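Chain by chain, the residues run as shown.
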2 protein chains.
Amino acid sequence: MSEVKAYGAADSKADLKEIKIERRVIQPRDVKIKITYCGVCHSDIHTVRNDWGGSKYPVVPGHEIIGKVLEIGNEVENIKVGDTVGVGCMVDSCRECEPCKQDLEQFCEQGMVGTYNGRDKHLGGHTFGGYSEEIVVDNYYVLRVPENLDENAVAPLLCAGITTFSPLNHWKVSKGDKVGVIGLGGLGHMGIKFAHAMGAHVVMITTSPGKAEDAKRLGADEVLISKDTDAMKKHANSFDFLLNTVPVGHDINPYLSLLKIDATMCMVGAVEPLEAVHGGSLIMGRKNVAGSLIGGIKETQEMLDFCGEHNIVSDIEMIDMHTINEAYERVVDGDVKYRFVIDMESLRN
Amino acid sequence: MSEVKAYGAADSKADLKEIKIERRVIQPRDVKIKITYCGVCHSDIHTVRNDWGGSKYPVVPGHEIIGKVLEIGNEVENIKVGDTVGVGCMVDSCRECEPCKQDLEQFCEQGMVGTYNGRDKHLGGHTFGGYSEEIVVDNYYVLRVPENLDENAVAPLLCAGITTFSPLNHWKVSKGDKVGVIGLGGLGHMGIKFAHAMGAHVVMITTSPGKAEDAKRLGADEVLISKDTDAMKKHANSFDFLLNTVPVGHDINPYLSLLKIDATMCMVGAVEPLEAVHGGSLIMGRKNVAGSLIGGIKETQEMLDFCGEHNIVSDIEMIDMHTINEAYERVVDGDVKYRFVIDMESLRN
């Protein structure tokens, strides 16, 4: 084992501060990564604060990891020392169950091992995430980062990126489709970029007229203010797909009225109860509500390759590790365009 | 116009009683039908009692109509005098909009014309349904009834039948699929018959252990009591499709846990708010909730032909027209196996 510096929270009320954690000795199929950047995801905050229950302390968050390969095990192929690589939301899964065999490791029947607060199969205890100097990960869960992408801004692709790319990809959004992205935050801004790159006519749907200009800069063709009932009526029954990134429970019935017959709205943000969905909103027009969780490893690599091809990265604000607690407050307030990324050099100095 | 006897309600509090209504003079594309049987649908009661608002009185219910052709217009082909025919939930639609062109007249952009309480394009006012001696209907909305089926028990296929057949057909239920039918009433009992005939392994899902025996007689391979949490856990993540026929708002989260990854639960009964759906129930396993409304005319004919091929009819209890008010109380109490059909001779005598 080797001791590395990290930033973690001692309990649900504590600020994050510098701590020491152990990383395992590299195994034949492992990759040791020097972490250069780590994105800040809202899930980090939920876990630190134990909002979902079950958090294990100390929590060392971070599942949007970019780094340089320091060392590889003797069975690792396709990855070499010095490569720029990424690690997302998971670092292990059983790889034997049906979902794993279908490249849907996020739904592993044994439970995927989260990059942090997962059950560490090697050292026991729980896993520690990317707010740290180094990480050791089975090469299967290590992603290749296209060389042309700006390394500063790639990290959020590993969670915000795949979370929005996967449903757009799964529901086969393509040229000419009318796609609505509901909510403009870390997830929504990636949703706009992807749907635009896929050739869709993209409508940003928001409660905040102030977000219109930025939505268009990001690639939206139109902006629909969801509180404007006349505008909502004009768009009724016209969408091929809706990506709902709103992170809290809300009334989805007005959005269902926007869908064409047989079309789907996919929820990716609200891991909590929605307000009462009306059966009639689904029955009239044979409409669908679905959900989607990140994406499998194969699809995450496809997403990164797609980003390389279309030169897509996240809009980010770079921060130092020691400002993380203030950054959390700003995430909770929605005051970030659109994702904080930690420059991990600031932890080493 | 010709005056015929019917049974209708004068207002939302009134019992149904004999009244006179007018039927239009037959037009070139019309078919005049002597009604022999009419099914009793829960929607009839909701409309009589104005539960959904907007009822127009007198309400003459009935949209599960079987009869003999008395007369045809001079442009009518494929239907001849003396044929046994059916009329379901609609008697008109624009036939020019996209949904109509796609054989989804139930979602006509102009609004389908309901068999009762619809806007009557011919006589003005509103349409009168099948609790009457005769009806005149555009031949496009007249269905052919396979000769081998027991005419007494065919009527409920026109609403309860197509409502359950259509989603099973649309979501491509086929041999070997594990299909759950939730709720055993007029809709559910048809759902079991269809799913069984399609070759699925059918699980009847109910809160009432007392329904197990009958469910198996109807074609269920297994019965799952939804209040039995251990049994529900055993069936977790195992269903290819769920047909939810429960007619009122309820907590669908436990049922969502039964679905396989990517599978769908389709709502056909509850035209009212569901209890709070949890975003996580959809996100974990990329699950879908959808709705479905009856079916188009083409699919309704396919359903009748399928019934002919598999010798499927409804389980019915035959009643006289003058006992309709008592029958309504029994429908509301769930005291019918599984559909009342009115012998319309009892109105003529």
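Please read all numbers here as calculations on a predicted model, not as lab measurements. (Residues numbered from 1 in each chain as written. Chains lettered and ligands numbered in written order. Predicted model: local features only at pLDDT ≥ 70, side-chain atom pairs only at ≥ 80, totals over all residues. Heavy atoms only, no water.)

Attention now moves to the relation of the copies chain A and chain B. When chain A is fitted to chain B, the best match, at an RMSD of 0.0 Å, comes from turning it 180° and sliding it 0.0 Å along the axis. The superposition operator between the copies reduces to a two-fold rotation axis. Looking at chain A, 100% of its interface residues are interface residues in chain B too, so the copies touch through the same face. (Least-squares fit on C-alpha atoms with pLDDT ≥ 70 in both. Contact = heavy atoms within 4.5 Å.)

For the rest of this paragraph, the subject is the pattern of salt bridges. All names here are of chain A. Throughout the structure, instances matching the rule amount to 34 salt bridges over all chains. Two residues, D30 and R24, come together in a salt bridge whose shortest N-O distance is 2.8 Å. Assessed through its relative accessible area of 2%, D30 is described here as buried. Sharing partners across several salt bridges, the network here consists of K193, D214, R217 and D315. (Salt bridge = Lys/Arg side-chain N within 4 Å of Asp/Glu carboxyl O. Buried < 20%, exposed > 50% of the residue type's maximum accessible area, 1.4 Å probe, protein only.)

So, on to the packing of aromatic side chains. In the structure shown here, the tally under the stated rule is ten aromatic pairs over all chains. Taking 5.4 Å as the distance between ring centres and 55° as the angle between the ring planes, the aromatic pair formed by A:F165 and A:F306 counts as tilted. Remark: A:F306 occurs in helix α9 (residues 297-310) and A:F165 occurs in helix α3 (residues 160-170); sequence separation between them is 141 residues. Geometrically, the ring pair formed by A:F194 and A:F306 is tilted, given 6.1 Å between the ring centres and 55° between the ring planes. You can see A:F194 sitting in helix α4 (residues 186-197) and its partner A:F306 sitting in helix α9, a full 112 residues away along the chain. For the pair A:F194 and A:F306, one class covers both residues: buried. Over the ring of B:F239 we find B:K178, and its NZ or CZ is 4.5 Å from the ring centre. (Phe/Tyr/Trp six-rings, centres within 6.5 Å; stacked < 30°, edge-to-face > 60°. Helix = DSSP H or I, 4+ residues; strand = E, 2+ residues; numbered from the N terminus. Lys NZ or Arg CZ within 6 Å of the ring centre and 35° of its normal.)

The next thing to look at is the environment of A:L347. Tracing the backbone through its elements, the reader meets A:L347 in helix α11 (residues 345-348). Remark: the alpha-carbon pair of A:L347 and A:L149, spanning 198 residues in sequence, is separated by 24 Å.

Our focus in this paragraph is the UniProt feature "domain: Alcohol dehydrogenase-like N-terminal" (unreviewed entry) in chain A. Residues given the UniProt feature "domain: Alcohol dehydrogenase-like N-terminal" (unreviewed entry) here are residues 28-147 of chain A. Between the end C-alpha atoms of residues 28-147 of chain A the distance is 26 Å, and the span holds 9% helix and 28% strand. (UniProt positions renumbered as here; feature names shortened; annotations may be inferred.)

Time to look at the pairing of strand β15 (residues 288-291) of chain A. All names here are of chain A. Burial along β15 is two-sided: the residues N288 and A290 and V289 and G291 are all buried. Where strand β14 (residues 259-267) lies against β15, four bridges are found, and the strand directions are parallel. Bridging from a neighbouring strand, C266 pairs with A290 of β15. (Pairing = 2+ DSSP bridges.)

With that settled, consider the side chain of B:T115. Position of B:T115 relative to the elements: it lies in the loop between β7 (113-114) and β8 (134-138). Ignoring any residue separated from it by four or fewer positions in sequence, one finds B:T115 in contact with B:G62, B:H63, B:I65, B:V87, B:G88, B:C89, B:M90, B:V91, B:T127, B:F128, B:G129 and B:I135.

Our next topic: the interface of chain A and chain B. Size of an interface, as often reported, equals the accessible area lost when the parts are brought together. At the interface, 33 residues of chain A touch 33 residues of chain B. Across the interface of chain A and chain B, roughly 2,800 Å² is buried in total on both sides, 68% from carbon and sulfur atoms. Of all residues in chain A, A:F107, A:I283 and A:R286 give up the largest surface area on contact with chain B, accounting jointly for 25% of the area buried on that side. Summed over the shared surface of chain A and chain B, the number is nine residue pairs in polar contact (both at pLDDT 80 or more). If you list the elements that add at least two residues to the side of chain A that touches chain B, you get α3, β14, α8 (279-283) and β15 of chain A. Across three bridges, β15(A) lies against strand β15 (residues 288-291) of chain B in antiparallel orientation. Counted as the bridge partner of A:A290 is B:N288 from β15(B). (Buried area = accessible area lost by both parts, 1.4 Å probe. Polar contact = N/O pair within 3.5 Å; in protein donor to acceptor, adjacent residues only side chain to side chain.)

Below, the discussion takes up the sheet that holds strand β10 (residues 178-182) of chain B. The strands making up a sheet associate through backbone hydrogen bonding, with each pair oriented either parallel or antiparallel. Taken in spatial order, the twelve strands of this open sheet run β12(A)-β11(A)-β10(A)-β13(A)-β14(A)-β15(A)-β15(B)-β14(B)-β13(B)-β10(B)-β11(B)-β12(B), and their pairing is mixed. Two strands in the sheet have a free side with no partner beyond their single neighbour: β12 (222-225) of chain A together with β12 (222-225) of chain B. Strand-to-strand twist of the sheet, defined as the mean angle between neighbouring strand axes without regard to direction, takes the value 20°. The sheet contact formed by strand β11 (residues 201-206) of chain A and β12(A) spans four bridges and is parallel. (Axes fitted to C-alpha atoms, helices over the stretch in contact; angles between N-to-C directions.)

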